[in-house]
Amino acid sequence: MKKSYLTNLILIAVIIGLYWFNNDDNLPVNELPQLSNLSSSSIQNIRISRLDTADIVLKKSASGWQITQPIQATASNTRVELLLSFLNTPSYGQIDVSTDNPLAQFELAPANLVLTLDNHQIQFGGVEPISEHRYIIIDHVIHLITDRVTPLLRANATSFIENKLIPNGKLITKLVLPQLNVDKSLSAQSIVIENNNGHWQSAMPTITTNRLTAIVENWQHAYALQVQPLKANTAIVTATNSVQIWFDKQALPTEYVLKLSDNALFIIDPQQQLNYHFTLASLSQLLPSSPTK
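Description of the structure in this document. What you are looking at is a predicted structure, and each value in this text was computed from that prediction instead of being measured.

**So, the pairing of strand β16 (residues 264–269)**
So, step 1. The buried fraction of β16 is high, at six of six residues.
So, step 2. Burial of the side chains of β16 extends over both faces: Ala264, Phe266 and Ile268 are buried on one face and Leu265, Ile267 and Asp269 on the other.
So, step 3. In textbook terms, the turn of a hairpin is the stretch between consecutive antiparallel strands, and for strand β15 (residues 254–260) and β16 this stretch comprises three residues.
So, step 4. The antiparallel pairing of β16 with strand β17 (residues 274–279) creates a hairpin that spans four residues between the two strands, and glutamine 273 there sits at a positive phi of about 60°.

**Observations concerning unusual backbone geometry**
So, step 1. A cis amide bond, omega -5°, links glutamine 69 with the succeeding residue proline 70.
So, step 2. Structurally, proline 70 can be placed in the loop between β3 (64–69) and β4 (73–74).
So, step 3. Cis peptide bonds are those with omega within 30 degrees of zero, and the linkage from alanine 109 to proline 110 qualifies with -5°.
So, step 4. By the element assignment, proline 110 lies in the loop between β5 (93–96) and β6 (113–117).
So, step 5. One non-glycine residue with positive phi stands out, namely aspartate 118, at about 55°.
So, step 6. Looking at where aspartate 118 falls in the secondary structure, it is placed in the loop between β6 and β7 (120–127).

Thresholds, definitions, all that
Residues numbered from 1 in each chain as written. Predicted model: local features only at pLDDT ≥ 70, side-chain atom pairs only at ≥ 80, totals over all residues. Heavy atoms only, no water. Buried < 20%, exposed > 50% of the residue type's maximum accessible area, 1.4 Å probe, protein only. Helix = DSSP H or I, 4+ residues; strand = E, 2+ residues; numbered from the N terminus. Pairing = 2+ DSSP bridges.

Okay, structure coming up:
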């Protein structure tokens, strides 16, 4: 668990670095040729190929990016856009591919990492020892670049899953939630929170409208520390730990399952077979407390 959290922190640092690098106006990159004329907005398909590892395939749909291999899940549009911002990387040197410049000397025969954007293939090679720029080849030209994207490309498929529990565009209209006991365990009693003419209401008079609104907003914007696919044959106990959420223009609810460990809250989406990891502190933000006697 701790190792997977550390991996996520490293990826977050990489993402921040990519954003900073591609938005820092102080860098003298305008004088250098751009790596590619490809427009990131035109890309519809992404394939990440590594040696001895299953390819990661992402496809753009009307609702955003989706992971289709080796798992199926909604992808983080932010991470995909940052990956595609790689196309704006300046090229610090260009070498024509020829018999005088065999690819092996650049660790490009074969490349350990290949990024395919639609029909355009980008191969990643070794690092030039003096400048520490990486060799890549695109459109039959070898480029030297400042490499900030390979850590993201070397991450596993789960690193591209969208951490937001409820996708953008789905608005909550009703919830059925278990109540939270004083000892932070889950009660067998549940509460219904429903929108009535723009106001959130429940049958529990001790909970204020402001508190109900906060609970709904916390579910609407819940963002997990990490997301992992459920392991095969994972048993899901739904006795008293289920959550039902109705969304706008949706007749039937989406069901989730809550599971607690000593240091984490897990929200499981059985339909997508995904397990969302939250801190225990999230319990008080997502669930109403049982009334004290």
